[in-house]
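One-letter residues, chain by chain:
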Amino acid sequence: MKIAKAAKLVSVFVFALLVTIAFAAEGEAAAGANYAAIGKGLAIGLGILGTGVAQSAIGAAALGAVVEDRRNFGTALLFFLLPETLAIFGLAFSFLIN
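Residues numbered from 1 in each chain as written. Predicted model: local features only at pLDDT ≥ 70, side-chain atom pairs only at ≥ 80, totals over all residues. Heavy atoms only, no water.

A.B. asks: For this particular structure, what's the right way to read the UniProt feature "transmembrane region" (unreviewed entry) in the protein?
C.D. replies: Taken from the UniProt record, the annotation "transmembrane region" (unreviewed entry) applies to residues 40–64 and 76–97. Span residues 40–64 is 100% helix and 0% strand, its end C-alpha atoms 37 Å apart. Secondary structure across residues 76–97 divides into 86% helix and 0% strand, with the first and last C-alpha atoms of the span separated by 34 Å. (UniProt positions renumbered as here; feature names shortened; annotations may be inferred. Helix = DSSP H or I, 4+ residues; strand = E, 2+ residues; numbered from the N terminus.)

Shown next, in the form of C-alpha cells:
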C-alpha cells in the first residue's frame, strides 16, 4: 500500500516537472529565463503539493477531534489551515525569482 502511494506521488511530481519544463521551453527568451520559469513553477507546485499532503492527514485527525468534542473546533481549524502557509510561501518565493 505504501509503495503504491509513493509511486503515485513520484508520478505526480514527474508530471508537474515535465509540464513546467514544457511551458518554460515554449517562450523564445534567453536560457536564464527558462530556468527562472522552471524555478517559479516548482516553487508554486511543490508548495501546493506539500500543502495537500499535509492537509490530507490533518483533516481526518481534525474531524475526529471535533466529533469527539465540539470545543476542539478552533484548534482543529488552526491546525488544518496552518499548512496553507506552504502554498503562500511558494507563491511569494516565485515572485522573488528573476
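Next comes the rest of the description.
A.B. asks: Is there a simple way to think about the confidence of the model for the protein in this case?
C.D. replies: For the protein, per-residue confidence averages 80 on the pLDDT scale, and 82% of positions sit at 70 or higher. Per-element mean pLDDT across the protein ranges from 70 in helix H1 (residues 2–26) up to 91 in helix H3 (residues 73–81). (pLDDT = per-residue confidence, 0-100.)

A.B. asks: Looking at this structure, how should I read the side chain of Gln55?
C.D. replies: Among the secondary structure elements, Gln55 is positioned in helix H2 (residues 31–68). When sequence neighbours within four positions are dropped, the list of residues in contact with Gln55 reads Phe80, Pro83 and Glu84. (Contact = heavy atoms within 4.5 Å.)

A.B. asks: Where do I start with the pattern of salt bridges in this structure?
C.D. replies: If the charged atoms of two oppositely charged side chains come close together, the side chains can form a pair. On inspection of all chains with the given rule, the structure shows one salt bridge. Here Asp69 ties to Arg71 by a salt bridge, and the two come within 3.1 Å at their closest N and O atoms. (Salt bridge = Lys/Arg side-chain N within 4 Å of Asp/Glu carboxyl O.)

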